[in-house]
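Examining the three-dimensional arrangement
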Amino acid sequence: MKGLGALVGLIILGVVGLVGYVNHKVGKTYDVPLPNIQRATSPEALARGEMIYHSICAECHAPAGETQAMGAPLLDYPPELGTFHSANITSDPVAGVGNMKDEEIARMIIYSINREGKARLMPAFYGMSDEDVAAVIGYMRSDRPEFAPSPKKAPPSEPAFGGKAVMALVAGIRSEPRASVKAPPKGPSVEYGKYLAVGVYDCVMCHTVGFGSSDTKLKDPGLFAGGFEFDLKAYGGQGFMYSPNITPHETQGIGKWNLEQFKLSLTQGVTPDGYILRKPMPRYRYLDDVEIAAMFAYLKGVPAVATPKVAHEAVPRPKADKAADPEKLFSSLGCSYCHGPNGQFRDRLKQAMGKQPEDVAKWIRNPESFKPGTQMPTFATLLDETQALDLAKWVQAKNGTP
Ligand code: HEC
Ligand code: HEC
Ligand code: HEC
């Protein structure tokens, strides 16, 4: 009995110790030195900053259907971890980052340590080069409409104990000051591809299971083998989906893909088999051909491994069928995912009412040309003009509420 009592006592001590440790790690102030990184202002740097901002930061910082970076709820984080909201990073001096020093923004991007020295649950871009960090800050400071001041205060994130434990024990808090980082020379090389896929676009985060940092995931035998779970509830749907295997595995991965197919899936969100890639897979419309070739070369060289076993049956992926009528296309192309009865953007279809169907058809094929930065995918490669026109007329006949 005495032994058991001691054991229980030890366990209680252990749990109390762990809780204390986690709360301490997350609550404490980190005095990580401010990196010596200031905004870049050359046109090339701004173009680079725009590409990085729209491929990564906008996914979290612009609310659904908005382009302004006023902060948004983060729906991908499981509710057990708490509620998370990204910050208002517009240039508003009070609600936004107008008063933040460039160096403080750089520290936030690299370490996820905010201006008060507190660790936040934003991915730390610890491997991003000084030059790329400077480019993003330059873009944020360039008077673009995305950063026009918004006085709306973003609600703070409220991590539950689970979320704090993930930060403290699993993802890890990056507080080791890093030396300045230089990217490998830009070119279609494995080295540059690794820099992009790990240090910049963090493909590792979603395409490898678990909540670890990119560094731990790089050592995971399931690196890029997919299986990370996403609850479709976050997007108004039902059931689960899993990130796919993007190792060179012949049947489960992208072993048989060619560069052109890889490019189409990243920039247009369509796979060689005609599947439409849903959120949260970002649409990398801004990537250039060298970046795509480099990441392709890198991914083709990682070990080919099988996809891990997943907990639930995945809901079927939406697939395009050229011969289908508008109603079928609306669901097979994934329009219903955003605009259907439970979709996040149901109300936006109303904007098409009263317009010329030809104009709506043009929007459907190339929304980006009307509204840069829109979250609606580009369908130009999936729909010809006639199909787009049929869809436009069908949406209008349904009064915008199919
Ligand atoms: C996965 C979602 C996510 C991504 C991607 C992301 N952020 Fe954040 N960001 C957050 C969260 C969460 C916070 C912290 C909010 C809080 O304090 O509760 C934050 C905070 C910030 C802050 C601090 C603002 C302040 O007032 O202290 C800055 C600056 C920032 N992000 C910039 C960026 C930039 C630049 C990028 C792209 C390189 C980026 N973020 C990518 C989620 C994200
Ligand atoms: C925020 C999470 C996230 C990030 C970051 C991400 N992906 Fe994905 N990716 C997904 C999900 C989820 C899917 C599956 C979508 C679906 O089934 O509709 C996917 C699908 C894919 C596919 C299609 C594979 C197939 O077999 O159909 C490829 C290729 C891909 N991603 C490559 C990348 C690359 C390269 C990067 C980095 C540049 C990246 N992804 C970053 C979540 C992500
Ligand atoms: C990932 C989400 C998403 C998907 C998928 C999507 N849309 Fe949209 N759609 C939007 C958003 C967001 C808007 C509003 C534009 C904005 O504010 O950025 C929009 C706007 C529209 C509009 C109004 C255009 C106007 O004239 O203002 C039409 C019509 C439309 N979508 C049709 C479609 C069709 C048809 C499909 C499938 C082929 C589709 N959408 C797929 C997100 C999506």
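This report concerns the structure included in the present document. Just so we're clear, the structure is a prediction, and the values are computed from it rather than from any experiment. Numbering of residues starts from 1 in every chain and runs along the sequence as written. Note on labels: chains are lettered from A, ligands numbered from 1, in written order. For this predicted model, a pLDDT threshold of at least 70 governs which residues receive local features, and a threshold of 80 or more governs which side-chain atom pairs are given and counted, while totals over whole chains, interfaces and linings are taken from all residues. For the side-chain quantities, the full set of heavy atoms in the structure was used; hydrogens and water were omitted.

With that settled, consider the coordination of the iron atom of ligand 3. In an ideal tetrahedron of four donors about a metal, each angle is 109.5 degrees. In an ideal octahedron of six donors, the angles are 90 or 180 degrees. Distances define the donors: N, O and S atoms within 2.8 Å of the metal qualify, as do those within 3.2 Å of Na, K or Ca. Water is excluded, so some sites may look unfinished. The coordination sphere of the iron atom of ligand 3, as far as protein atoms go, consists of H339 (NE2) and M376 (SD), spread over 2.0 to 2.2 Å. For four-coordinate sites, all angles between 85 and 135 degrees define a tetrahedron; for four- and six-coordinate sites, opposite donors beyond 155 degrees with the remaining angles between 65 and 115 define square planar and octahedral shapes respectively, and all other cases count as irregular. Seen from the iron atom of ligand 3, its six donor atoms lie at angles of 86 to 178°, and the figure they make is octahedral. Here M376 lies in the loop between α14 (367–370) and α15 (385–397) and H339 lies in helix α12 (residues 335–339), a separation of 37 residues in the sequence. Each member of the pair, H339 as well as M376, carries the same accessibility label: buried. Helix numbers and strand numbers start at the N terminus; a helix is a DSSP run of H or I with at least 4 residues, a strand a run of E with at least 2. Exposure is judged per residue with a 1.4 Å probe applied to protein chains only, and the accessible area is read against the type maximum: over 50% gives exposed, under 20% gives buried, and values in between give partly exposed.

Another point: the nonpolar core. We define the nonpolar core as a collection of buried residues of types Ala, Val, Leu, Ile, Met, Phe, Trp, Tyr and Cys that are connected through side-chain atoms lying within 4.5 Å of one another. M128, Y201, F224 and M295 are the most contacted members of the largest nonpolar core, which totals 66 residues. Of the residues that make up this core, three or more belong to each of domain 1 (22–171) and domain 2 (190–301). The domain boundaries here were taken from an automatic or database domain assignment.

What follows is about the packing of aromatic side chains. Pairing of aromatic side chains here covers Phe, Tyr and the six-membered ring of Trp, requires ring centres within 6.5 Å, and sorts the geometry by plane angle: under 30 degrees stacked, over 60 edge-to-face, intermediate tilted. Per the stated rule, a full pass over the model turns up 12 aromatic pairs. Between Y53 and Y139, the aromatic rings sit 5.9 Å apart at their centres with planes inclined by 40°, giving tilted as the arrangement. One end of the pair, Y53, is in helix α2 (residues 43–61); the other, Y139, is in helix α4 (residues 130–140), with 86 residues separating them in the sequence. Like Y53, the residue Y139 is buried in the burial classification. For R174, the ring lying beneath its charged end belongs to Y126, and the centroid distance is 3.9 Å. When the NZ atom of lysine or the CZ atom of arginine is within 6 Å of a ring's centre and also within 35 degrees of its normal, the charge is said to sit over that ring. Its guanidinium or amino end placed over the ring of Y275, R317 lies 5.0 Å from that ring's centre, counting from NZ or CZ.

With that settled, the discussion passes to the site of ligand 1. By convention in these notes, a residue is near a molecule or strand provided one of its non-hydrogen atoms lies within 4 Å of it. Contacts to ligand 1 come from 21 residues, most closely from C57, C60, H61, M122 and S157. Any pair of nitrogen or oxygen atoms within 3.5 Å is treated as a polar contact; in protein, a donor-acceptor pairing is required on top of that, and neighbouring residues in sequence qualify only through side-chain atoms on both sides. At 2.8 Å from a nitrogen atom of ligand 1 is found a side-chain nitrogen or oxygen belonging to H61. Taken together, the elements giving at least two residues each to the shell around ligand 1 come down to α2, α3 (102–111) and α4. At four residues, α2 tops the list of elements feeding residues into the shell around ligand 1. The classification used treats Ala, Val, Leu, Ile, Met, Phe, Trp, Tyr, Cys and Pro as nonpolar, Asp, Glu, Lys and Arg as charged, and all other residues, Gly among them, as polar. Of the residues belonging to the shell around ligand 1, the class tally is 15 nonpolar, four polar and two charged.

This part takes up the coordination of the iron atom of ligand 1. Surrounding the iron atom of ligand 1 are the protein donor atoms H61 (NE2) and M122 (SD), which sit 2.0 to 2.2 Å from the metal. Angles of 84 to 180° at the metal separate the six donor atoms of the iron atom of ligand 1, which places the site in the octahedral class. With H61 in helix α2 and M122 in the loop between α3 and α4, this residue pair connects regions lying 61 residues apart in the sequence. The exposure class of H61 is buried, given its relative accessible area of 10%.

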